[in-house]
Amino acid sequence: MTDARCVLHWIKSSKPLSVFVANRVSEIRTCGEFLSFRHVPGECNPADVASRGGLVADLQESWWHGPDWLRTTSDQWPDEDLTLSADESDLASKEEQAPTLHTASLVTGGSDRATDQPSPHTIPSGLGSVLTRTSSLRKVLKITALCMKFLKKLRPNSPRLSQISNSYDIVSQDIQAARDWWTRMVQREAFPDIFKAIKTNAKHSSVANLGVVIDDNGILRCAGRLSNAELPTDQKLPKLLPTYHAFTKHVISEVHGRLLHAGVRHTLAQTRQEFWIIRGRAIVRRILDQCSVCRRHEGRPFKLPSMPPWPKERITRALPFTYVGLDYLGPLLIRTGTEKGKVWIKLVTCLTTRAVHLDIVSGLSAAAFLNSMRRFAARRGKPKSIVCNNAPQFKLVRSVLDDHLKLILANPDLL
Ligand SMILES: [Zn+2]
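Nothing here was measured: the structure is a model prediction, and the numbers come from that model. (Residues numbered from 1 in each chain as written. Predicted model: local features only at pLDDT ≥ 70, side-chain atom pairs only at ≥ 80, totals over all residues.)

Looking now at the pairing of strand E7 (residues 356–361). Inspection of the sheet shows strand E6 (residues 339–350) paired to E7 by six bridges, in the antiparallel sense. Among the inter-strand pairings, Ile345 is bridged to a residue of E7, identified as Ile360. Counted along the chain from E6 to the antiparallel partner E7, the turn is five residues long, and its residue Arg354 has a positive phi close to 65°. (Pairing = 2+ DSSP bridges. Helix = DSSP H or I, 4+ residues; strand = E, 2+ residues; numbered from the N terminus.)

Below is the structure:
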């Protein structure tokens, strides 16, 4: 029995349910022939006493014995109409539908700046997502060319796809067609006012300043003073591109990579062989600043932290091995006759003169260390201070010395 009318509705429902609910309902239904589901009113549900609050007496009564009618025959149990009310039906249907989310990527793929004006000529969302999801212009153009080749299969006589080749593979002609298509779409998205001004012969500052014209492919080109030069068309009449656009970024990144990560001026000059980007120098500088390869090569090394002053022992004039540092080196494998063994080298360095004293130690025991130090003191003199790390053998020596010291202090006669 349950007081959840939604759950009863799910169990009895024949509508498609969400995956989570459907899996559990199907599991419940496998036991259906042995189970019958009935509704218990909320006020009679003992489980609700704990969660909704109530008197201890109510809890003890209903928790242990359940509602009174449960002790009668089942034909006297409450038989409520399980038809859902309008609100409950909405709730049930919402809960059924909630997990079945249909995700769709609607990336406009165009401008990456909120200040760009929206345009009725936007790039189709499917291909637009290619721009933002792909980091390489080459890959974008190959995907686009592939799509265009597929469309040409469907519409072989379409004049818009006349640039696409009939070959099975993607050839340079297809890549150029894709490049032109992207340029045209980006321009229509970014410069609707220029298209409108040219068609209506209206005055427009960009048209006048940049000498913008439309070529046979519907692409905006900037007519400079090189129109009579013996140069390729793209150099004489570079295609106009907006400053902030994913396609512009791809073009600059591609040129920058092709030039082996050249600087701003070189990249901009090469970009202008084909495109005229509005405020080009600024956007090229910005994109090059974000180039991880250039950052890695041009980045300065990390600055060293300010070092603390030298310790007094290092800069005080003293006899060699007055102030020493201590460490162990090893173990080294040795052979004594037919037996193999391990030895360590105790390295004592003078903090003042940097002189080094080496001694072979037979083990990591405190006795071996103390014997070695006796040999050292006999040869070099007794040091005033010893600096060492927290190696276990040094800690062991310290505890042994402490024990001896306590023993001596407790029994002065030992001296
Ligand atoms: Zn770079």
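This part is about the packing of helix H7 (residues 137–154) against helix H8 (residues 172–190). Two elements in contact, H7 and H8, have axes whose closest approach is 8 Å; the angle formed by their N-to-C orientations is 100°. Regarding the angle of H7 to H8, the classification is roughly perpendicular. Along its contact with H7, which presents Leu141, Thr144, Ala145, Met148 and Lys149, the element H8 presents Asp174, Ile175, Ala177, Ala178, Arg179, Trp181 and Trp182. Among the residues making up the contact of H7 with H8, the classes are represented as eight nonpolar, one polar and three charged. (Axes fitted to C-alpha atoms, helices over the stretch in contact; angles between N-to-C directions. Parallel < 35°, antiparallel > 145°, perpendicular 65-115°, else oblique. Contact = placed C-beta atoms within 7 Å. Nonpolar A, V, L, I, M, F, W, Y, C, P; charged D, E, K, R; others polar.)

On to the nonpolar core. One finds Ala178 and Val251 to be the most contacted residues of the largest nonpolar core, which totals 34 residues. Those elements that place two or more of their residues in this core are helix H6 (125–133), H7, H8, strand E2 (220–222), strand E3 (239–241), helix H12 (246–258), strand E4 (275–277) and helix H14 (280–289). The leading source of residues in this core is H8, at seven residues. Not counting residues within four places of it along the chain, the set of residues in contact with Val251 comprises Leu137, Leu241, Thr271 and Phe275. Counting seven residues, the second-largest nonpolar core is a separate cluster that includes Phe321, Val324, Cys350 and Leu351. (Core = buried A, V, L, I, M, F, W, Y, C linked by C-beta atoms within 7 Å. Buried ≥ 20, exposed ≤ 12 C-beta atoms within 10 Å, placed from the backbone.)

This paragraph deals with unusual backbone geometry. Across the junction of Gly330 and Pro331, the peptide omega takes the value 10°, indicating a cis bond. Position of Pro331 among the secondary structure elements: in strand E5 (residues 323–336). For Asn201, which is not glycine, the phi dihedral falls at a positive 55°. Relative to the helices and strands, Asn201 is located in the loop between helix H9 (192–200) and helix H10 (205–210). By the C-beta count within 10 Å, which is 8 here, Asn201 ends up exposed.

Taken in spatial order, the four strands make up an open sheet running E7-E6-E5-E8, and their pairing is mixed. Where the open sheet ends on each side, the last strands, each with one partner, are E7 and strand E8 (385–388). Strand-to-strand twist across the sheet, computed as the mean angle between neighbouring axes with direction ignored, equals 35°. Here helix H17 (residues 366–380) sits on the sheet and contacts E6 and E7; the angle it forms with E7, its principal contact strand, is near 145°.

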